[in-house]
Amino acid sequence: MSKKSTNTADVASSGSEKAPINAQLSPDAKIELYRQMVRIRRFEERSLRAYQAKKIGGFLHLYIGQEAVCVGSCSLMGKDDHVITAYRDHGHAMAVGMDTKPLMAELYGKATGCSKGKGGSMHYFAPDKNYWGGHGIVGGQIPLGAGLAYALKYKGLKGCALAFMGDGAVNQGAVHEAYNLAALWNLPVIFVIENNGYSMGTSQERSSAGPGLAQRAEAYGMAWGTCFGHDLYEVRATMDKFMTRAREESKPAVVEIDTYRYRGHSVADPDKTYRTREEVEEYRKTKDPINLFQEKLKSEKVLTDDLIEKIDAEARAEADLAAEFAEASPFPTPDDIQTDVYWEADNADKRASKGRLFFD
Amino acid sequence: MAVLTYREAVRAALSEEIERDENVVLMGEEVAQFNGAYKVSEGMLEKYGPKRVVDTPISEAGFIGMGVGASMLGVRPVMELMFWSFYSVAFDQILNNAANVRYMSGGQISCPIVIRGPANGGTNVGATHSHTPENVLANHPGIKVVVPSTPADAKGLLKSAIRDNDPVMFLENTILYGEKGEVSDDPEFLIPLGVADVKREGSDLTIVTYGRCVLHSLKAAEVLEKEHDVSVEIVDLRTIRPLDIDTVLKSVAKTHRVLIVEEQKPFASVGSQLSHMIQREAFDELDGPIHRLATIDAPAIYSPPVEVEQLPNPDRVVKAALAALA
Ligand SMILES: Cc1ncc(C[n+]2csc(CCOP(=O)(O)OP(=O)(O)O)c2C)c(N)n1
Ligand SMILES: [Mg+2]
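Residues numbered from 1 in each chain as written. Chains lettered and ligands numbered in written order. Predicted model: local features only at pLDDT ≥ 70, side-chain atom pairs only at ≥ 80, totals over all residues.

## Quick look at the confidence of the model for chain B
Phase 1 of the analysis: Looking at chain B as a whole, its pLDDT mean stands at 98, while 100% of the residues score no less than 70.
Phase 2 of the analysis: The complex model carries a pTM of 0.96, and its ipTM stands at 0.94. (pLDDT = per-residue confidence, 0-100.)

## Regarding the interface of chain B and chain A
Phase 1 of the analysis: Between chain B and chain A, the residue contacts involve 33 residues of the former and 37 residues of the latter.
Phase 2 of the analysis: Elements with a contribution of two residues or more to the side of chain B that touches chain A: helix 3 (60–72) and helix 10 (304–310) of chain B.
Phase 3 of the analysis: Its residues assigned to classes, the side of chain B that touches chain A shows 18 nonpolar, 11 polar and 4 charged. (Contact = placed C-beta atoms within 7 Å. Helix = DSSP H or I, 4+ residues; strand = E, 2+ residues; numbered from the N terminus. Nonpolar A, V, L, I, M, F, W, Y, C, P; charged D, E, K, R; others polar.)

## Structural notes on the sheet that holds strand 3 (residues 189–195) of chain A
Residue and element names in this part refer to chain A.
Phase 1 of the analysis: Reading across the sheet, the 5 strands line up as 1-2-3-7-6 and stay open at both edges, with parallel pairing between neighbours. The outermost strands of the open sheet, each flanked by one partner alone, are strand 1 (82–84) and strand 6 (223–228). Mean inter-strand twist for the sheet, computed between neighbouring axes without regard to direction, equals 20 degrees.
Phase 2 of the analysis: One ladder, built from 3 bridges, connects strand 1 with strand 2 (residues 161–166); its direction is parallel. Considered in strand 2, the bridge of His-82 is made with Ala-161. (Pairing = 2+ DSSP bridges. Axes fitted to C-alpha atoms, helices over the stretch in contact; angles between N-to-C directions.)

## What about the pairing of strand 6 of chain A?
Here is the key point about a regular strand: its side chains alternate between the two faces of the sheet.
Residues and elements named next belong to chain A.
Phase 1 of the analysis: Relative to strand 7 (residues 253–258), strand 6 is paired through 6 bridges, and the arrangement is parallel. Residue pairing across strands places Trp-224 opposite Val-254, the latter belonging to strand 7.
Phase 2 of the analysis: Handedness of the strand 6-helix 9 (residues 232–249)-strand 7 crossover: right-handed. (Right-handed = clockwise from strand over helix to strand, strands pointing away.)

## Things to note about the packing of helix 7 (residues 212–228) of chain B against helix 11 (residues 314–325) of chain B
Residues and elements named next belong to chain B.
Phase 1 of the analysis: Contact geometry for helix 7 and helix 11: axes closest at 8 Å, N-to-C directions at 55 degrees. Relative to helix 11, the element helix 7 is oriented oblique. In this structure, helix 7 crosses over helix 11, and the sense of that crossing is right-handed. Across from His-216, Ser-217, Lys-219, Ala-220, Val-223, Leu-224 and His-228 in helix 7, the residues of helix 11 making contact are Pro-314, Val-317, Val-318, Ala-321 and Leu-322.
Phase 2 of the analysis: Class assignment of the residues belonging to the contact of helix 7 with helix 11 gives a composition of 8 nonpolar, 3 polar and 1 charged. (Parallel < 35°, antiparallel > 145°, perpendicular 65-115°, else oblique. Left-handed = near helix turned anticlockwise from the far one by under 90°.)

## What to know about helix 2 (residues 27–52) of chain A
Phase 1 of the analysis: The end-to-end C-alpha distance of helix 2 of chain A is 38 Å, a good match for the 38 Å that 26 residues give at a rise of 1.5 Å each.
Phase 2 of the analysis: Of the residues trailing helix 2 of chain A, A:Lys54 is marked for its positive phi of about 65 degrees. (Expected span 1.5 Å × (residues − 1).)

## Regarding the nonpolar core
Phase 1 of the analysis: In terms of nonpolar packing, the biggest core is built from 194 residues, with A:Ala163, A:Val189, A:Ile190, A:Val255, B:Leu259 and B:Ala321 touching the most fellow members.
Phase 2 of the analysis: Two domains each donate at least three residues to this core, and these are domain 1 (2–183) and domain 2 (197–325) of chain B.
Phase 3 of the analysis: Not counting residues up to four positions away in its chain, the partners in contact with A:Ala163 are A:Ile84, A:Gln141, A:Ile142, A:Gly145, A:Ala146, A:Val189, A:Phe191 and A:Val192.
Phase 4 of the analysis: Judged by nonpolar contacts, the second largest core, of 6 residues, contains B:Ile296, B:Ala300, B:Ile301 and B:Val306. (Core = buried A, V, L, I, M, F, W, Y, C linked by C-beta atoms within 7 Å. Buried ≥ 20, exposed ≤ 12 C-beta atoms within 10 Å, placed from the backbone. Domains from an automatic or database assignment.)

## Focus on the pairing of strand 11 (residues 232–236) of chain B
Residue and element names in this part refer to chain B.
Phase 1 of the analysis: The buried fraction of strand 11 is high, at 5 of 5 residues.
Phase 2 of the analysis: Burial along strand 11 is two-sided: Val-232, Ile-234 and Asp-236 facing one way and Glu-233 and Val-235 facing the other are all buried.
Phase 3 of the analysis: Strand direction decides the pairing type here: strand 9 (residues 197–200) and strand 11, joined by 3 bridges, are antiparallel. Paired with Arg-200 across the two strands is Ile-234, which belongs to strand 11.
Phase 4 of the analysis: The pairing of strand 10 (residues 205–209) with strand 11 spans 5 bridges and is parallel. By the bridge assignment for strand 11, Thr-206 is matched with Glu-233.
Phase 5 of the analysis: Regarding the hand of the β-α-β motif, the stretch spanning strand 10, helix 7 and strand 11 is right-handed.

## As for unusual backbone geometry
Keep in mind that most residues, glycine aside, have a negative phi and that most peptide bonds are trans.
Phase 1 of the analysis: Between A:Gly133 and A:Gly134 the backbone carries a cis peptide bond, its omega angle lying at 20 degrees.
Phase 2 of the analysis: Inspection of the secondary structure assignment puts A:Gly134 in the loop between helix 5 (100–107) and helix 6 (141–154).
Phase 3 of the analysis: Going from B:Arg241 to B:Pro242, the amide bond is cis rather than trans, its omega being 0 degrees.
Phase 4 of the analysis: Take B:Pro242: it is sitting in the loop between strand 12 (239–241) and helix 8 (245–255).
Phase 5 of the analysis: Located in the positive-phi region is A:Met200, a residue other than glycine, with phi close to 50 degrees.
Phase 6 of the analysis: Here A:Met200 is to be found in the loop between strand 4 (198–199) and strand 5 (202–203).
Phase 7 of the analysis: The residue A:Lys301 is not glycine, and still its phi comes out positive at about 65 degrees.
Phase 8 of the analysis: Residue placement: A:Lys301 occurs in the loop between helix 11 (289–299) and helix 12 (305–328).

## Quick look at the domain arrangement of chain B
The figure often quoted for interface size is the accessible area lost as the parts come together.
All names here are of chain B.
Phase 1 of the analysis: Partitioning chain B into domains gives domain 1 (2–183) and domain 2 (197–325).
Phase 2 of the analysis: Contact residues are listed per partner, giving 23 residues for domain 1 and 23 residues for domain 2.
Phase 3 of the analysis: Looking at the side of domain 1 that touches domain 2, the elements with two or more residues in it are helix 5 (134–138), strand 6 (144–146) and helix 6 (151–163).
Phase 4 of the analysis: Of the residues assigned to the side of domain 1 that touches domain 2, the class counts are 10 nonpolar, 10 polar and 3 charged.

## So, the site of ligand 1
Phase 1 of the analysis: Taken together, 20 residues are adjacent to ligand 1, and A:Val138, A:Gly166, A:Gly168, A:Ala169 and A:Ser199 come closest.
Phase 2 of the analysis: Surrounding ligand 1 are residues belonging to chains A and B, so the site spans chains.
Phase 3 of the analysis: Counting only elements with at least two residues in the shell around ligand 1, the list comes to strand 2 and strand 4 of chain A.
Phase 4 of the analysis: Class assignment for the residues of the shell around ligand 1 results in 10 nonpolar, 6 polar and 4 charged. (Near = placed C-beta within 6 Å.)

This is how it looks when you write it as structure tokens:
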């Protein structure tokens, strides 16, 4: 079984660099976008090493190969735009600006982690950066994404919500219920399908009926689009169109972004039963989002070899520093188990209810 | 007899029943081509083919509901949940449809489905993936609930569950999958649902438990014997509903002290139900209040060293046992 390509032109260059949203980028802004992708890649590679050294427990779902999707999309966010995603959440967390130290510390289960060591890899959150997680149940975050959009509309804010999911998540009932509500009530939400071709070991062909995933939007009278997600410019051009429409007209949409993950579904996946080594290598060689953007920026004379080298070294150093920070941080203690469960328990002086909150 | 892992014992039960009854089908996410997320069904697609071992999309409400419907017409689906935690997505199908259809049809319809998969904490997968819903499931009349602790129990009970005409929820444990034990290879080796098993005899304290906590309790019992001269009897419930309360009461009448150990959140847990029944039916046998050791009452924490402390573990069992004896 091999990856089914989304019905987009399978070429990296579709003129999207000329789209106004990209044409207006300063050289520095372009370098920053490139840097973001490299930082995410190096952070995750470092986290993989920490996992192999048994510093991290549970699951670790790496985003390596998909960086252009989150960086491209989140780079378009204004102050009233919000993001929610599934468990493959490290890239989005960094793309909204979360610091790598608490992110790494969370993986290590440390008290200095972004969720105080309580959430782990799948459950990153940063409401101060309009980032609402980090969700472990496939498809479960999608109604919440519609809810973020509902709140924006309710409050009269001109923003939009980006609700990310994988190609496997589209078959959850909750996703379709959210589609219907969003379309029915004109909620400013973009449902973004990061189509990396596989849900764990199941290819799209073996899990999803119908011609395409985004096209299902038609059943709800929703707009939809597809995009070549290995090209950061194209992600930005496509997402800008739908995000602007959501903000201006309060209209939902489904966008299916063609992408690929190089690593197994999680670190535990032997990655031998459902795709070939050659397929992975082919993507690495011809469609790597970092390489593609690097080439573009070099041809635009924005990036030089020296700068590429420097960005890479800095990203590696940052990831190492994050790991050192995580390593040196303390674990939570058993006393921390029962904090952050109820607001009233954490704010005992303002408690209004009576009765026992906890049991043993 | 052969020494099998818990995982192999489950696989053996599934394989034997697929061979025995043409209506038995194994279905779930990644069970076939991927060989099972936890490798329980490894090799089964190759052996039994795609009609009997079926991969599904990630649509728990859809495929579990479909299994319930198929079972009404005589198919015997064994549905794998990659984690029992994902039952919440299919809650309505399991607890409205499977649990009630027999009753609402005045007994005209049966629902011989098995839903199985791991339900446990302890692997640092966080709050969304660490649910232990046996109490929630058992709260629904019409549903049967099984939580085996050993390879032999897993095999004998799963075979009975598949042959059962009611919906049976079968809760395994990812940490137990690698545990080894002697298992019968008799294709008619069946352990009836609703029969508890005394896993250790003793005279001073009864520990009532099930699932992985049986292993914790056995370890604790060794320590209690050696270091505190306490003789512990361990009753493994094996099945939560139907519940073998008689075996529990018999042990209480012998030891007069009770500790319940469960990997459950304490509120309205299996242990809550047991405490009620023991005090109601054996009040005069008790020399002290019934004690209980449960998971510390909060969502599952991720942090690996702290999660160990949130769950029952041998040290916590020893402490709780000494408190129950004080
Ligand atoms: C309700 C539910 N069912 C099953 C799982 C187990 N699971 C986690 S990720 C996954 C595959 C999801 O694939 P996809 O949506 O394509 O996202 P990707 O992993 O490719 O990013 C599965 C089956 C889960 N977490 N939640
Ligand atoms: Mg996918």
